[in-house]
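Secondary and tertiary structure notes
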Protein chains: 2
Amino acid sequence: MKKHNFSAGPSILPQEVFEKSAQAILDFNGSGLSILEISHRSKDFVAVMDEARALALELLGLTGKGYQALFISGGASLEFIRVPYNLMQENGKAAYLDSGTWASGAIKEAKKFGTVDVVASSKDENYTYIPEGYTIPADADYFHCTSNNTIFGTQMHDFPETNVPVVCDMSSDIFSRELDFSKFGIIYAGAQKNMGPAGTALVVIKEELLGKTGRNIPSLLDYQQHIAKESMYNTPAVFPVYASYLTLQWLKNQGGIKAIDAKNNQKAALLYGEIDRNPLFKGSAKTEDRSKMNITFLLNNEAHTETFDKMWKVAGISGLNGHRSVGGYRASVYNAMPVESVQVLVDVMKELEKQA
Amino acid sequence: MKKHNFSAGPSILPQEVFEKSAQAILDFNGSGLSILEISHRSKDFVAVMDEARALALELLGLTGKGYQALFISGGASLEFIRVPYNLMQENGKAAYLDSGTWASGAIKEAKKFGTVDVVASSKDENYTYIPEGYTIPADADYFHCTSNNTIFGTQMHDFPETNVPVVCDMSSDIFSRELDFSKFGIIYAGAQKNMGPAGTALVVIKEELLGKTGRNIPSLLDYQQHIAKESMYNTPAVFPVYASYLTLQWLKNQGGIKAIDAKNNQKAALLYGEIDRNPLFKGSAKTEDRSKMNITFLLNNEAHTETFDKMWKVAGISGLNGHRSVGGYRASVYNAMPVESVQVLVDVMKELEKQA
């Protein structure tokens, strides 16, 4: 039986992506070759890469606006390093918002490159909210934030107005909601939450921001090199890029970000509605800052844990345990999660209430 | 019809790897989940990673000898950067052998970190041979070489005796031949030639060499961080690691490196024998330095090009064109290439001779 996969990442992808990518491993485009054994310079794969890059910009509404999209290796954690290498002046300064574990990881790496001004932090309350009311210094080389905090279930619903370039780690909510993406200087995202399998990351860059730091950047860490080589500076992660491409095609066929945003709102409303209605449960993030991707919640009475855990497992639900630093439960309801699966979880919660 | 895939990389893998990995995309280990959607922290994938790391050391004869094996992201090109970060002292010096395009790329990156002593180069003759008779300075922090030059079809058959740690890029001949691997300080290899699909790299490290540079290393570039987190510092490239694991299992079942070495010798002897016998062809690398992985050759008379190209394509051969910087032909005969496919190519070469 196919599971209802609420895993935080790697995570659920559309069923057609599984089927098409498995087929491509046996025979890619009728070529007599597997997608795993073809040259990344082959005509068919170059087309995949080019189309994936164009599709990413198209879905974000950034086509023709001076942006480049790259699918590069290393994971979003490598972008923690690439960003200061590419944007922070020698002896420069960057502003960072500390809204969770990954934001904090990005800050740690940036400090190895220069001055980091942490403009605000929600660490004081275990990152259960998104900080507000901070000021971004006008002389910062860039402002870095994390749009969605996978572990804590919080999400930025507004972004600061600033003249400083905004760099955003959107690993766990890229392509999930309508935003004016042209307000960002760099957007990056590991594929494995809302875009594809683990092994590639998307980086979307306003090209005019590059080449200004005076740093001697190692080639593979230099966005300009990747742009010049059209995301083929070195061998790309062929299969992860292909599966991401299939996922972006699926998204386009669903009606793009506008349509998926509506569906994601529906799923979040359904589950948060039950969390707030059902006396056995409570949300763990501040209500105004709740994430529509990672819905974190707790049992009011831990005595129900064993029963609840057994019930959702019997219902075919997988990956619902909260991160060890938060506890409780986390339902990750990424783009590919059907509303029917969320309903299965809600029904289990209602059933627990009846039994309790 | 399944092609005879002589591509230089990404390249042929065992058929059972295609079949098992396609199946895992539809359902991994009977879990009701795809390998593309499971958590990298799930018990089943942690087992894959642990077994893949152990198997790599076992196949190389390095178990219990102070080495660690990592499957990390970024590609071998990222190791060009990680190696100096981890082994070159601040204001230190490293020795590099320039035997081809990738060696030269590694040198370019190392120069951004300190002094690079290029002990010898074969660039003068377009890298058609492996330099000899050089001296490695005793005060170098390490000596870097490339064991096999994919583009030019040359291979190091001996390695220098030195007290300096030897770092070797084995991207295109890892697991292909018997060597005393304990002579190396670091061995690294992009997966996509002899070990798996594109998207992960294997790094094998003598652990005692680390932690001595005095550098403030970005976390993702620090081998000690990856070792401490058992190759899960950040989300690994789950599927590429899994497919690499299947390939290493296949290799073990074939009889390990000893058995594959004999098979690789047989394939190389068959094809080089024909190149040397057939008056229409000549090898393009110096005879003593010929690679057993990438067999480069030329037509003596380019007038036969069109006929030959048509003949091998009709025979179901793919990926035989030489790299643009060398021209002619390149037959990459990695571990998974059956001797029968090499025979198909040899038969075409004989048939051309008859017709010419």
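Residues numbered from 1 in each chain as written. Chains lettered and ligands numbered in written order. Predicted model: local features only at pLDDT ≥ 70, side-chain atom pairs only at ≥ 80, totals over all residues. Heavy atoms only, no water.

By the naming in an unreviewed UniProt entry, chain A is Phosphoserine aminotransferase, taken from Flavobacterium rhizosphaerae. Regarding chain A, the relevant UniProt record gives this comment under Subunit (unreviewed entry): "Homodimer." Here is the UniProt Sequence similarities (unreviewed entry) comment for chain A, exactly as written: "Belongs to the class-V pyridoxal-phosphate-dependent aminotransferase family. SerC subfamily." (UniProt positions renumbered as here; feature names shortened; annotations may be inferred.)

**What about the pairing of strand β10 (residues 201-206) of chain B?**
All names here are of chain B. The buried fraction of β10 amounts to 5 of the 6 residues, a majority that puts the element mostly inside the structure. In terms of strand pairing, strand β2 (residues 67-72) meets β10 through 6 bridges, oriented antiparallel. Looking across to β10, one finds that F71 is bridged to L202. One ladder, built from 5 bridges, connects strand β9 (residues 186-190) with β10; its direction is antiparallel. (Buried < 20%, exposed > 50% of the residue type's maximum accessible area, 1.4 Å probe, protein only. Helix = DSSP H or I, 4+ residues; strand = E, 2+ residues; numbered from the N terminus. Pairing = 2+ DSSP bridges.)

**Thoughts on the sheet that holds strand β12 (residues 294-299) of chain B**
All names here are of chain B. Ordered by their spatial adjacency, 3 strands build an open sheet running β11-β12-β14, and the pairing between neighbours is antiparallel. Pairing within the sheet leaves two strands with one partner each, and these edge strands are β11 (281-283) and β14 (329-332). Geometrically, the sheet is characterised by an average inter-axis angle of 35° between neighbouring strands, direction not taken into account. Alignment of β11 against β12, held across 3 bridges, turns out to be antiparallel. (Axes fitted to C-alpha atoms, helices over the stretch in contact; angles between N-to-C directions.)

**Focus on the sheet that holds β2 of chain B**
Residues and elements named next belong to chain B. If you walk across this open sheet you meet the 7 strands as β2-β10-β9-β8-β5-β3-β4, and the pairing is mixed. Of all the strands in the sheet, the pair left with one neighbour each is β2 and β4 (115-121). In this sheet, adjacent strand axes meet at a mean angle of 15° when their direction is disregarded. Sheet topology places strand β3 (residues 93-98) next to strand β5 (residues 143-146); 2 bridges connect them, and they run parallel. Across the sheet, residue A95 finds its bridge partner in β5, namely F143. Where helix α2 (residues 43-59) meets the sheet, it contacts β2 and β10, and its direction lies at approximately 130° from that of β2. (Contact = heavy atoms within 4.5 Å.)

**Some details on the interface of chain B and chain A**
Many authors give the size of an interface as the accessible area that is lost as the parts come together. Counting residues at the interface gives 56 residues for chain B and 56 residues for chain A. Each partner contributes to the roughly 4200 Å² buried at the junction of chain B and chain A, and carbon and sulfur atoms together form 59% of this total. It is L36, E37 and K112 of chain B that lose the most area in chain B upon contact with chain A, and together they represent 15% of the buried surface on that side. On the surface where chain B and chain A come into contact, there are 2 salt bridges. The partner of K2 of chain A in a salt bridge is E37 of chain B, with the nearest N and O atoms 2.4 Å apart. For the interface between chain B and chain A, the tally reads 21 residue pairs in polar contact (both at pLDDT 80 or more). Within the residue set of the side of chain B that touches chain A, elements represented by two or more residues are α1 (15-26), α3 (76-87), α4 (101-110) and α6 (238-254) of chain B. (Buried area = accessible area lost by both parts, 1.4 Å probe. Salt bridge = Lys/Arg side-chain N within 4 Å of Asp/Glu carboxyl O. Polar contact = N/O pair within 3.5 Å; in protein donor to acceptor, adjacent residues only side chain to side chain.)

**Quick word on the state of the cysteines**
Residue and element names in this part refer to chain A. Scanning the entire structure with this criterion turns up 0 disulfides over all chains. Left unpaired, C168 is separated from the closest cysteine sulfur, that of C145, by 3.9 Å. Residue classification places C168 among the buried residues on the basis of a relative accessible area of 0%. (Disulfide = S-S within 2.5 Å.)

**Here we look at the packing of aromatic side chains**
Residues and elements named next belong to chain A. Scanning the entire structure with this criterion turns up 25 aromatic pairs over all chains. Judged by centre distance (5.1 Å) and plane angle (55°), the ring pair of Y127 and F152 falls under tilted. With Y127 in the loop between β4 (115-121) and β5 (143-146) and F152 in the loop between β6 (148-149) and β7 (154-155), the pair connects residues that are 25 residues apart, well separated along the chain. One exposure class covers both Y127 and F152, and it is buried. (Phe/Tyr/Trp six-rings, centres within 6.5 Å; stacked < 30°, edge-to-face > 60°.)

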